[in-house]
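Given next are the chains, with one letter for each unit.
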Amino acid sequence: MKKKQRAGMILLSACLIAVALIYVIPFLMMLLGSFKVQAEAAMFDLSLPTRWEFSNYVHVMESGKILRGYINSAIITVPVTLISVLLGAVAGIVISRRNDSLTKGIYYYFIFGLTLTLQIASIFFLLKALHIYGTFFSVICIFISLRIPFTVMTFCSFVKGVPREIDEAAVIDGCSFWQMTLRILLPILKPIMVTNIVITSIDVWNNFMIPLFYLGSARKATVSMAIYSFFGRYNRDWQFVFAALMLAVLPMLILFVILQKHIIAGMTSGAVKG
């Protein structure tokens, strides 16, 4: 029996390593390629550069409008993340703590939102009618509407595992709903909050289609749009393309590495307690 379990663990480990390599190898190729000269970068291999060309990054920063893309992406990503997580947390607490037909209907309404696709044409005409097309505000509203269903679902799943006695003790001590939410429940919900912050930030930061369709201005281009424009000009200079891609993924990579412990705790707790 132990031999079978050991063989199963070895097989599972081998499969996980193979899956990890699928993601790690392209990243390493991109990282090493960003420091190579044109001929070496075009080989798409994992060999070390014969000479480390740090000037590739300088060239990308000067000509790729990456800094402007950083600023525009941050203008969109930060408010979308904060608002969607805060609203999702409050809605998740209320829905999970009430047990009536209206609340259940609201919960399934949010869940139904996970199945909907982006209606590009109808949203375009709606933004035109509201005179907000081409603004950061319109794109922020679209992203929030797309992220809210997922945040509500995950918070509901997590809050169900928090004992109701905590709420009752807070009410007995004279806490209002907002005091109980902000001072007591949100600290308990830290793992799932961090999980939603990272997932939402990565999704919004890397999104290309929504800013492309609804911003309508080169000055408001996000980092993903800047990378696309940069690739159009340097589609043969892979060393510059790799450097631009590294600059694009770097902020989210740092965020993920810093918060990965909380992400794992949030995802596993939500899965078990749902």
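Here we come to the overall build of the protein chain. What the protein chain contains, in helices and strands, is 13 helices and zero strands. For the protein chain, the α and β elements follow one another from N to C terminus as α-α-α-α-α-α-α-α-α-α-α-α-α. Summarising the internal contacts of the protein chain: among those between residues at least 6 apart in sequence, 75% fall at separations of at least 24.

Moving on: the pattern of salt bridges. A full pass over the atoms with the stated rule returns five salt bridges. The salt bridge involving Asp 167 is made with Arg 97; its shortest N-O contact spans 2.6 Å. Pair noted here: Asp 167 is in helix α8 (residues 164–172) and Arg 97 is in helix α4 (residues 66–97), with a separation of 70 residues, a long-range link. When sorted by exposure, Asp 167 lands in the same class as Arg 97, which is buried.

Looking now at the packing of α4 against helix α10 (residues 190–206). Packing of α4 against α10 brings their axes to within 9 Å, and their N-to-C directions diverge by 145 degrees. Crossing of α4 against α10: the hand is right-handed. For the pair α4 and α10, contact is made by Tyr 70, Ser 73, Ala 74, Ile 76, Thr 77, Val 80, Thr 81, Ser 84 and Val 85 and by Met 193, Asn 196, Ile 197, Thr 200, Ser 201, Val 204 and Trp 205, respectively.

Here the focus is the layout of surface pockets. Roughly 510 Å³ of volume is contained in the largest pocket. Leu 116, Ile 123, Ile 142, Ser 145 and Leu 146 are, among the 23 residues lining the largest pocket, the residues nearest its centre. Those elements that place two or more of their residues in the lining of the largest pocket are α5 (101–113), α6 (120–129) and α7 (136–159). When residues in the lining of the largest pocket are grouped by element, the largest group, nine residues, is from α7. Broken down by class, the residue content of the lining of the largest pocket amounts to 18 nonpolar, five polar and no charged.

Here we take up the confidence of the model for the protein chain. For the protein chain, the average pLDDT comes to 86, and 93% of its residues sit at 70 or higher. When the criterion is pLDDT under 50, residues 270–274 qualifies, and its contacts beyond four places in sequence or with other chains add up to seven contacts.

Core analysis: the biggest nonpolar cluster contains 22 residues, and Ile 76, Val 80, Val 139, Phe 143, Val 152 and Tyr 214 have the highest contact counts within it. When contributions to this core are tallied by element, the ones reaching two or more residues are α4, α5, α6, α7 and α11 (209–214). When residues of this core are assigned to their parent elements, the largest contribution, nine residues, is made by α7. Other than its neighbours up to four places away in sequence, Val 139 contacts Ile 76, Ile 210, Tyr 214 and Leu 215.

So, on to the packing of aromatic side chains. This structure, assessed with the given rule, holds 14 aromatic pairs. For the pair Phe 213 and Tyr 214, a centre-to-centre distance of 6.3 Å together with 75 degrees between the ring planes defines the contact as edge-to-face. Among the residues examined, Phe 213 registers a relative accessible area of 27% and is labelled partly exposed. The class for Tyr 214 is buried, based on a relative accessible area of 1%. Taken together, the ring pairs in this structure connect Phe 35, Trp 52, Phe 54 and Tyr 57 into an aromatic cluster. Directly above the aromatic system of Tyr 107 lies the positively charged group of Lys 160, at a separation of 5.6 Å from the ring centroid. The cationic tip of Lys 220 hangs over the ring face of Phe 136; the distance from NZ or CZ to the ring centre is 5.8 Å.

Looking at where Ala 41 falls in the secondary structure, it is placed in helix α2 (residues 38–41). Judged by its relative accessible area of 2%, Ala 41 is buried. Sequence separation between Ala 41 and Trp 238 is 197 residues; the distance between their C-alpha atoms is 5.8 Å. Excluding residues within four positions of it along the chain, Ala 41 makes contact with Gly 33, Lys 36, Trp 238, Gln 239 and Phe 242.

With that out of the way, let us pick up the side chain of Glu 40. Summarising the element assignment, Glu 40 is placed in helix α2. One buried charge, Glu 40, has no salt-bridge partner; the nearest side chain with opposite charge is Lys 36, at 5.9 Å. Looking at Glu 40, its side chain comes within polar contact range of the side chain of Thr 50, at 2.6 Å. Those residues in contact with Glu 40, other than ones at most four positions away along the chain, are Asp 45, Pro 49 and Thr 50.

Conventions and cut-offs
Residues numbered from 1 in each chain as written. Predicted model: local features only at pLDDT ≥ 70, side-chain atom pairs only at ≥ 80, totals over all residues. Heavy atoms only, no water. Helix = DSSP H or I, 4+ residues; strand = E, 2+ residues; numbered from the N terminus. Contact = heavy atoms within 4.5 Å. Salt bridge = Lys/Arg side-chain N within 4 Å of Asp/Glu carboxyl O. Buried < 20%, exposed > 50% of the residue type's maximum accessible area, 1.4 Å probe, protein only. Axes fitted to C-alpha atoms, helices over the stretch in contact; angles between N-to-C directions. Left-handed = near helix turned anticlockwise from the far one by under 90°. 1 Å grid on protein atoms, 1.4 Å probe; cavity = no way out; pocket = protein on both sides within 12 Å on 5 of 7 lines; lining within 4 Å. Points joined across faces, edges and corners; volume = space filled by probe spheres on them. Nonpolar A, V, L, I, M, F, W, Y, C, P; charged D, E, K, R; others polar. pLDDT = per-residue confidence, 0-100. Core = buried A, V, L, I, M, F, W, Y, C linked by side-chain atoms within 4.5 Å. Phe/Tyr/Trp six-rings, centres within 6.5 Å; stacked < 30°, edge-to-face > 60°. Lys NZ or Arg CZ within 6 Å of the ring centre and 35° of its normal. Lys, Arg positive; Asp, Glu negative; His and termini not counted. Polar contact = N/O pair within 3.5 Å; in protein donor to acceptor, adjacent residues only side chain to side chain.

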